[in-house]
Amino acid sequence: MPRIVETIVTTMNATGEAHIAPLGLIEEGDVWVIAPFRPSRTLDNLRQVPFAVASHTEDVRVFAGCLTGRKTWPMRPAEKVTGVVLDSAVSHWELAVDGVSEDELRPRFSCQMVHTVSHRPWGGFNRAQAAVLECAVLVSRLHMLPPEKVEAELKYLEIAISKTAGQREEEAWGWLMERIVAWRAQRGQTF
Ligand SMILES: Cc1cc2nc3c(=O)[nH]c(=O)nc-3n(C[C@H](O)[C@H](O)[C@H](O)COP(=O)(O)O)c2cc1C
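Rules and cut-offs
Residues numbered from 1 in each chain as written. Predicted model: local features only at pLDDT ≥ 70, side-chain atom pairs only at ≥ 80, totals over all residues. Heavy atoms only, no water. Pairing = 2+ DSSP bridges. Helix = DSSP H or I, 4+ residues; strand = E, 2+ residues; numbered from the N terminus. Axes fitted to C-alpha atoms, helices over the stretch in contact; angles between N-to-C directions. Buried < 20%, exposed > 50% of the residue type's maximum accessible area, 1.4 Å probe, protein only. Parallel < 35°, antiparallel > 145°, perpendicular 65-115°, else oblique. Left-handed = near helix turned anticlockwise from the far one by under 90°. Contact = heavy atoms within 4.5 Å. Nonpolar A, V, L, I, M, F, W, Y, C, P; charged D, E, K, R; others polar. Core = buried A, V, L, I, M, F, W, Y, C linked by side-chain atoms within 4.5 Å. Near = heavy atom within 4 Å. Polar contact = N/O pair within 3.5 Å; in protein donor to acceptor, adjacent residues only side chain to side chain. Areas by Shrake-Rupley, 256 points an atom, 1.4 Å probe, with all protein chains shown as cover. 1 Å grid on protein atoms, 1.4 Å probe; cavity = no way out; pocket = protein on both sides within 12 Å on 5 of 7 lines; lining within 4 Å. Sits in = over half its atoms within 2 Å of the grid points.

K.L.:
It is not clear to me how the sheet that holds strand 7 (residues 89-101) should be interpreted in this structure. Could you clarify?
P.N.:
As a general point, the strands of a sheet are linked pairwise by backbone hydrogen bonds and lie either parallel or antiparallel. If you trace the 6 strands once around the closed barrel, you get 1-2-3-8-7-4, paired in antiparallel fashion. Taken over all neighbouring pairs, the strand axes of this sheet differ in orientation by 45° on average, direction set aside. Where strand 4 (residues 51-57) lies against strand 7, 7 bridges are found, and the strand directions are antiparallel. Across the sheet, residue V53 finds its bridge partner in strand 7, namely E94.

Structure (C-alpha cells):
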C-alpha cells in the first residue's frame, strides 16, 4: 500500500477563487497523487489551474470545519505557484500537476513538488487529533458506510477524545458530532 498523507488541499478556479478541502495525498516515488472522487470542486479546479497547495496543520478544526460548512480559514498567497496557504500550517507543499490519469470514479492527478516551506516547530503526536481526522473521514462517508461500522468506530474514537483532547480537538469533535446526531435522526435513531 502506498503511504498517504492527510492534509488540507487548496486549489484555485480560473477566476481566482480558492477552494479548500481535506484530501489524502498519495506518495508514489517522487510524485504525489491527488485523487478526488467525482463530482468535486478540487477536481474541477485542478483542470482549470493545475496547481495545488498542501497545508499541514495541527489545528484539526480545519479538517472538521471543512466537512461541516466552516470553510473560512485565514490564508495567504503561496510563494511559487498560483494558490493559497493556510495561515495555521506548520509546513506546506506547493505542487504542480504534471499528468492526469482519467477514471470514471476517481481521476488521479500526479503532481511534482515545486516548493516546500517550514513555518513553525511541529508540536508532536496527539491521539485526539488522529481521532478527529478518523471521524472526519467517517463523516465524509456516512452515505456509503454500514451504520454499525460507523457506531463501532465512533465508540472507539471517543476514548482518545475523552483522554487526550485539548480545546481545539473538543471543538472539532463537537462539530462532527452535530453531523452524526443529524445522521442518526435521519435514520430514526434517537440516541
Ligand atoms: C482526512 C480526509 C481525507 C480525505 N481524502 C479524500 C480524497 O483523497 N479524495 C476525495 O475525493 N475526498 C477525500 N476526502 C473527502 C473530501 O474532503 C470531501 O468530500 C470534499 O468535500 C471534497 O470535495 P470538494 O473538492 O468538492 O470539496 C477526505 C476527507 C478527510 C477528512
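Resuming the write-up.
K.L.:
Sorry if this is basic, but what is going on with the pairing of strand 3 (residues 31-34) here?
P.N.:
Two faces belong to every sheet, and in a regular strand the side chains alternate between them. Taking every second residue as pointing to the same face, both faces of strand 3 are buried, with V31 and V33 on one and W32 and I34 on the other. The pairing of strand 2 (residues 18-28) with strand 3 spans 4 bridges and is classified as antiparallel. Bridged to L25 within strand 3 is I34. Counted along the chain from strand 2 to the antiparallel partner strand 3, the turn is 2 residues long, and its residue G29 has a positive phi close to 60°. Inspection of the sheet shows strand 3 paired to strand 8 (residues 108-118) by 3 bridges, in the antiparallel sense. Paired with W32 across the bridge in strand 8 is C111.

K.L.:
In this structure, what is going on with unusual backbone geometry? I would like to understand it.
P.N.:
Backbone geometry follows two general trends: most residues other than glycine have a negative phi, and most peptide bonds adopt the trans configuration. With an omega dihedral of -10°, the bond running from R38 to P39 counts as a cis peptide bond. On the secondary structure map, P39 appears in the loop between strand 3 and helix 1 (41-48).

K.L.:
Sorry, what's going on with the packing of helix 3 (residues 127-140) against helix 4 (residues 147-164) here?
P.N.:
Packed helix pairs are characterised by how far apart their axes lie and by the angle those axes make with each other. Contact geometry for helix 3 and helix 4: axes closest at 8 Å, N-to-C directions at 155°. Relative to helix 4, the element helix 3 is oriented roughly antiparallel. The hand of the helix 3/helix 4 crossing is left-handed. Of the residues in helix 4, those in contact with R127, A128, A131, V132, E134, C135 and L138 of helix 3 are V150, E153, L154, L157, I159, A160, I161, K163 and T164. Partitioned by chemical class, the residues of the contact of helix 3 with helix 4 number 11 nonpolar, 1 polar and 4 charged.

K.L.:
What am I meant to see in the nonpolar core here?
P.N.:
Across soluble globular proteins, nonpolar side chains show a tendency to be buried alongside one another. By size, the foremost hydrophobic cluster in this structure holds 35 residues, and its most contacted members are V132, C135, L154, W173 and I180. Leave out the neighbours within four places in its chain, and W173 touches A131, V132, C135, L154, L157, E158 and I161. W32, L43, L46 and A54 belong to the second-largest nonpolar core, a separate cluster that totals 16 residues.

K.L.:
Can you walk me through the site of the ligand in this structure?
P.N.:
Taken together, 17 residues form the shell around the ligand, and within it H19, P22, F37, R41 and T42 come nearest. Measuring from a nitrogen atom of the ligand, one finds a backbone N or O atom of A35 at 3.1 Å. Between T42 and the ligand, the recorded distance is 2.6 Å, taken from a side-chain N or O atom to an oxygen atom. Starting from 630 Å² of accessible surface for the ligand in isolation, the protein chains cover 84%. Judged by the proximity of its atoms to the pocket grid, the ligand belongs to the largest pocket. For the shell around the ligand, the secondary structure elements donating two or more residues are strand 2, helix 1 and helix 3. Tallying contributions element by element places strand 2 first for the shell around the ligand, with 5 residues. Of the residues that constitute the shell around the ligand, the class distribution is 9 nonpolar, 4 polar and 4 charged.

K.L.:
Looking at this structure, how should I read the packing of helix 4 against helix 5 (residues 167-186)?
P.N.:
Taken N-terminus to C-terminus, the directions of helix 4 and helix 5 make an angle of 155°; their axes are 13 Å apart at the nearest point. On the basis of their axis angle, the class for helix 4 and helix 5 is roughly antiparallel. Considering how the two elements wind past one another, helix 4 and helix 5 form a crossing that is left-handed. Here P147, V150, E151, L154, L157, E158 and I161 of helix 4 lie close against helix 5, whose contacting residues are W173, M177, I180, W183 and R184. Classifying every residue of the contact of helix 4 with helix 5 gives 9 nonpolar, no polar and 3 charged.

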